[in-house]
Amino acid sequence: MPDDRQPPTPPVSAAPASPRGPGADAPAASGAASPADRPTPLSATDLPTLRRPAGPPKRPTDNRPTGVVAGWITRGGSGPCYGLMDENGTEYAVYGPNAGELRKGDLVTLRLTARDRSVDCGPGIPMRIIEE
């Protein structure tokens, strides 16, 4: 015989549900800002509109002195030949008889000048370290 009884319906509360999460009834921490003290968020219409750049910058943006190259040592040792990979991926074959110990992986900034190919320091653009 089928059971025609319905399960009891839970009572409906007349109080509106709180939009705040757990702990909403806890007292506010000292120094907490009330909603009136908070800045109003910006809407999409309040944001500035950016224009497309007219072209590349007229002056370099890194302002490094001429001949200064920053990069990582790829072939190190006590010298006089080293390998250097700059920030743009250009490989240099660097000659520096008085540069001392440079370890592979070191990040360095060196003042370089062009040199002839009389000394072979391996693959890369041949450069010489300017001693200061």
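About the criteria used
- Residues numbered from 1 in each chain as written.
- Predicted model: local features only at pLDDT ≥ 70, side-chain atom pairs only at ≥ 80, totals over all residues.
- Heavy atoms only, no water.
- Helix = DSSP H or I, 4+ residues; strand = E, 2+ residues; numbered from the N terminus.
- Polar contact = N/O pair within 3.5 Å; in protein donor to acceptor, adjacent residues only side chain to side chain.
- Contact = heavy atoms within 4.5 Å.
- Buried < 20%, exposed > 50% of the residue type's maximum accessible area, 1.4 Å probe, protein only.

Student: Before we go on, may I ask you to explain unusual backbone geometry in this structure?
Tutor: The bulk of non-glycine residues show a negative phi, and the bulk of peptide bonds are trans. Between Gly79 and the following residue, Pro80, the backbone shows a cis peptide bond with an omega angle of 10°. Mapped onto the elements, Pro80 comes out in the loop between β1 (68-75) and β2 (81-86).

Student: Hey, could you run me through the side chain of Arg115 in this one?
Tutor: By the secondary structure assignment, Arg115 is in the loop between β4 (107-114) and β5 (125-129). A distance of 2.7 Å separates the side chain of Arg115 from the backbone oxygen of Val119, its partner in a polar contact. Only 2.9 Å separates the side chain of Arg115 from the backbone oxygen of Met127, close enough to count as a polar contact. With residues up to four places along the chain from it excluded, the contact list for Arg115 reads Ala93, Tyr95, Cys121, Pro126, Met127 and Arg128.

Student: Can you walk me through the side chain of Asp86 in this structure?
Tutor: Along the polypeptide, Asp86 turns up in strand β2. By relative accessible area, Asp86 is classed as buried at 9%. Separated by 2.9 Å, the side chain of Asp86 and the backbone nitrogen of Gly89 make a polar contact. Side-chain polar atoms of Asp86 contact the backbone nitrogen of Thr90, separated by 2.8 Å.

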